[in-house]
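Here is how the chains run, residue by residue.
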Amino acid sequence: MQKSIIIIGAGIAGLSAGCYGQMNGYRTQVFEMHDKPGGLCTAWTRKGYTIDSCIHWLVGSSPADNFYRIWEELGAVQGRRMVDHDEFMRIEGANGKVFIVYTDVDHLEQHMKELAPADKKVVEEFIEGIRACTRVDLPIEKHLSYMVP
Ligand SMILES: Cc1cc2nc3c(=O)[nH]c(=O)nc-3n(C[C@H](O)[C@H](O)[C@H](O)COP(=O)(O)OP(=O)(O)OC[C@H]3O[C@@H](n4cnc5c(N)ncnc54)[C@H](O)[C@@H]3O)c2cc1C
């Protein structure tokens, strides 16, 4: 008899568990208390506006990233165009100064140094931290607890 898995919650985790269960020969049933799947990763329309509560960035959106393989396995990226924005976010201060979090690290470094020349050293440390993160490709085949070197 085919083994069966019951999954509570139809968020990304539950839906993924359901897909992987089926890929591995299990019968899966996902139980969701809301009337829609998606969990926190959802959007809705109100008075002609779409309120997109998530996702602002997708880990593994680049085909060069290990995580991309997971999205491919789940059928989430095929035929979709990834949009890489120049700006991740912008924060406007009371004085009208605008801090823009550019997605391009070099551009971000230049912008931060222009905004706060006195913080040059701290900015460089921060930027080096970001660059170090970009060199990390999580070994997805390992258990989560072994992923971080
Ligand atoms: C505003 C916002 C922005 C975000 N931006 C990003 C982003 O840019 N990039 C990114 O990677 N992540 C982002 N996240 C995080 C990401 O959305 C979540 O980590 C992810 O959706 C969580 O998925 P999950 O399946 O683990 O949990 P959830 O989405 O919480 O799903 C759990 C599901 O279980 C259901 N449930 C709970 N209890 C029961 C029960 N007893 N019986 C039946 N059903 C039950 C819930 O209704 C829900 O549908 C953002 C989250 C928010 C809120």
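Our structure's up above, just so we're on the same page.
Please read all numbers here as calculations on a predicted model, not as lab measurements.

(A) The arrangement of the side chain of glutamate 109 in detail. Relative to the elements of secondary structure, glutamate 109 occurs in helix α3 (residues 105-115). The exposure class assigned to glutamate 109 is buried, which follows from its relative accessible area of 15%.

(B) Region of interest: the nonpolar core. Core analysis: the biggest nonpolar cluster contains seven residues, these being Ile100, Tyr102, Val105, Leu108, Met112, Val123 and Ile127. Here this core takes three residues from α3, the largest share from any one element. The residues touching valine 105, leaving out its near neighbours within four places in the chain, are Ile127, Ile130 and Arg131.

(C) Highlighting the site of the ligand. The environment of the ligand is formed by 18 residues, the closest being Glu32, Leu40, Ser53, His56 and Trp57. In the environment of the ligand, an oxygen atom lies 2.7 Å from a nitrogen or oxygen atom belonging to the backbone of leucine 40. For the ligand, the accessible surface in isolation is 1,000 Å², of which the surrounding protein chains cover 60%. Residue composition of the shell around the ligand, by class: eleven nonpolar, six polar and one charged.

(D) Geometry of the pattern of salt bridges. Applying the stated criterion to the full structure yields nine salt bridges. A salt bridge links aspartate 106 to arginine 131, with the nearest nitrogen and oxygen atoms 2.4 Å apart. Placement of aspartate 106 in helix α3 and of arginine 131 in helix α4 (residues 120-134) is noted, with a sequence separation of 25 residues between them. You can call arginine 131 partly exposed: its relative accessible area is 25%. The closest approach of N and O atoms between glutamate 109 and arginine 131, which form a salt bridge, is 3.5 Å. You can see glutamate 109 sitting in helix α3 and its partner arginine 131 sitting in helix α4, a full 22 residues away along the chain. Connected through salt bridges with shared partners, the residues Asp106, Glu109, Lys113, Lys120, Glu124 and Arg131 form a single ionic network.

(E) Main features of unusual backbone geometry. Cis geometry is adopted by the peptide bond preceding isoleucine 55, which originates at cysteine 54 and carries an omega value of 5°. If you trace the backbone, isoleucine 55 turns up in the loop between β4 (49-52) and α2 (66-73).

(F) Representation of helix α1 (residues 12-23). For α1, spanning twelve residues, the distance from its first C-alpha to its last is 16 Å, which sits close to the expected 16 Å at 1.5 Å a residue. Those residues of α1 not exposed but buried are Gly14, Ser16, Gly18 and Gly21. Close packing links the buried residues of α1 with β1 (4-8) and β2 (27-31).

(G) Expanded view of a nonpolar patch on the surface. A grouping of Trp57, Val59, Phe88, Met89 and Ile91 is seen on the molecular surface, where their side chains present a nonpolar patch of about 490 Å² in accessible area. Along the chain, isoleucine 91 turns up in strand β5 (residues 87-92). For isoleucine 91, a relative accessible area of 45% gives the class partly exposed.

So, how was this worked out
- Residues numbered from 1 in each chain as written.
- Predicted model: local features only at pLDDT ≥ 70, side-chain atom pairs only at ≥ 80, totals over all residues.
- Heavy atoms only, no water.
- Helix = DSSP H or I, 4+ residues; strand = E, 2+ residues; numbered from the N terminus.
- Buried < 20%, exposed > 50% of the residue type's maximum accessible area, 1.4 Å probe, protein only.
- Core = buried A, V, L, I, M, F, W, Y, C linked by side-chain atoms within 4.5 Å.
- Contact = heavy atoms within 4.5 Å.
- Near = heavy atom within 4 Å.
- Polar contact = N/O pair within 3.5 Å; in protein donor to acceptor, adjacent residues only side chain to side chain.
- Areas by Shrake-Rupley, 256 points an atom, 1.4 Å probe, with all protein chains shown as cover.
- Nonpolar A, V, L, I, M, F, W, Y, C, P; charged D, E, K, R; others polar.
- Salt bridge = Lys/Arg side-chain N within 4 Å of Asp/Glu carboxyl O.
- Expected span 1.5 Å × (residues − 1).
- Patch = residues over 30% accessible without salt bridge, like charges linked within 9 Å, V, L, I, M, F, W, Y side chains within 5 Å.

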